[in-house]
Amino acid sequence: MNARAQSRSAARLAAVQALYQQEMEGTPLARLLKEFHDHRLGAIIEDIAFADAEVDFFDDVVSGVNARRAEIDDMIAAKLATGWTLDRLDRPQKQILRAGTYELLARKDVPVAAIIGEYVDVADAFYEKREKGFVNGLLDAIAKDVRG
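Residues numbered from 1 in each chain as written. Predicted model: local features only at pLDDT ≥ 70, side-chain atom pairs only at ≥ 80, totals over all residues. Heavy atoms only, no water.

**Focus: the overall build of the chain**
Counted only if it meets this: By the criteria applied, helices consist of DSSP H or I runs no shorter than four residues and strands consist of E runs no shorter than two, each listed in order from the N terminus. Here the globule rule reads 2.2 Å times residues to the power 0.38, and the radius of gyration is calculated from C-alpha atoms. Exposure is judged per residue with a 1.4 Å probe applied to protein chains only, and the accessible area is read against the type maximum: over 50% gives exposed, under 20% gives buried, and values in between give partly exposed.
Counting its regular elements, the chain contains seven helices and two strands. Its helices and strands in sequence order give the chain the pattern α-α-β-β-α-α-α-α-α, from N to C terminus. Expected size for 148 residues packed as a compact globule is a radius of gyration near 15 Å; at 15 Å, the chain falls within 12% of this value. Across the 148 residues that make up the chain, the buried fraction comes to 43%.

Laid out in structure tokens, this is it:
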């Protein structure tokens, strides 16, 4: 994986973590971005080096999800099985789906397969195989709607 791809992967994982933190703590967007810029992106925490993330890409995903949350949530909810709601999804999983959906909607410069593959990889950091398949299937269904 080249340096830019690694940097984008790190940005996606950090974006999911930031969105999760925001949902749990209600952190205002500007403070959330500053905290991640100052203390998380490219940092070493508990002897774990966080890869340098592409900061502009991180900011775009986090800010974009924030700005379009209602639209994104409606798109995700429309693809859930009957009887399922967004509230039933695990919180990290919800953030993975939100970030992936945002990229599918707004980042036409990134190929669909790259977006889906990256967020399946992010899901791998949190979940077992079944959840990764769920993320893959749901983002694929949304991609068919928004990218044709």
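**Some thoughts on the nonpolar core**
Threshold: In these notes, a set of buried Ala, Val, Leu, Ile, Met, Phe, Trp, Tyr and Cys residues joined through side-chain atoms within 4.5 Å is what counts as a nonpolar core. By definition in these notes, contact holds between two residues if any of their heavy atoms fall within 4.5 Å.
One finds F58, V61, V62, I76, I96, Y119 and V135 to be the most contacted residues of the largest nonpolar core, which totals 42 residues. Listed by contribution, the elements that provide at least two residues to this core are helix 1 (3-25), helix 2 (29-39), helix 3 (55-67), helix 4 (69-79), helix 5 (91-106), helix 6 (112-126) and helix 7 (129-147). Element by element, the count of residues in this core is highest for helix 1, at seven residues. With sequence-adjacent residues up to four places away left out, F58 is seen in contact with A11, A14, A15, A18, L33, F36, H37 and L41.

**Regarding the packing of aromatic side chains**
In plain terms, the rule: Any pair of Phe, Tyr and Trp rings, taking the six-membered ring for Trp, is counted once the centres come within 6.5 Å. Such a pair is stacked with planes under 30 degrees apart, edge-to-face with planes over 60 apart, and tilted for the rest. For a lysine, the NZ atom is tested; for an arginine, the CZ atom; a charge sits over a ring if that atom is within 6 Å of the ring centre and within 35 degrees of the ring normal.
Inspection of every chain in the model, using the stated rule, returns two aromatic pairs. On the basis of an interplanar angle of 40° and a centroid distance of 6.2 Å, the ring pair of F126 and Y127 is categorised as tilted. Here the basic side chain of R88 rests over the ring of W84, its NZ or CZ set 3.7 Å away from the ring centre.

**Points about the packing of helix 4 against helix 7**
Where we set the bar: Angles here are taken between N-to-C directions and fall from 0 to 180 degrees, while the axes themselves are lines fitted to C-alpha atoms, restricted in helices to the stretch in contact. Should an angle lie under 35 degrees it is considered roughly parallel, over 145 roughly antiparallel, and from 65 to 115 roughly perpendicular; all remaining angles are considered oblique. Handedness of each helix crossing follows the sense of rotation of the near helix against the far helix: counterclockwise by less than a right angle gives left-handed, clockwise gives right-handed. By the convention adopted, Pro, Cys, Tyr, Trp, Phe, Met, Ile, Leu, Val and Ala count as nonpolar, Lys, Arg, Asp and Glu as charged, and the other residues, Gly among them, as polar.
Axis separation between helix 4 and helix 7 bottoms out at 10 Å; the angle between their running directions is 115°. Classified by the angle between their axes, helix 4 and helix 7 sit roughly perpendicular to one another. Crossing geometry of helix 4 relative to helix 7 is assigned as right-handed. Of helix 7, the residues touching helix 4 (which contributes M75, I76 and K79) are L138, A141, I142, D145 and V146. Tallied by class, residues from the contact of helix 4 with helix 7 come to six nonpolar, no polar and two charged.

**A look at the environment of A67**
Summarising the element assignment, A67 is placed in helix 3. Take A67: its relative accessible area is 68%, and that puts it in the exposed class. With 35 residues separating them along the chain, A67 and Y102 place their C-alpha atoms 9.9 Å apart.

**Some words on the packing of helix 5 against helix 6**
Across the interface, helix 5 lies against helix 6 with an axial gap of 10 Å and an inter-helix angle of 165°. Judged by the angle between their axes, helix 5 and helix 6 are roughly antiparallel. When you trace helix 5 past helix 6, the crossing you get is right-handed. Here helix 5 contributes P92, I96, A99, G100, E103 and L104 to the contact with helix 6, which in turn contributes V112, I115, Y119, V122, A123 and F126. Its residues assigned to classes, the contact of helix 5 with helix 6 comprises ten nonpolar, one polar and one charged.

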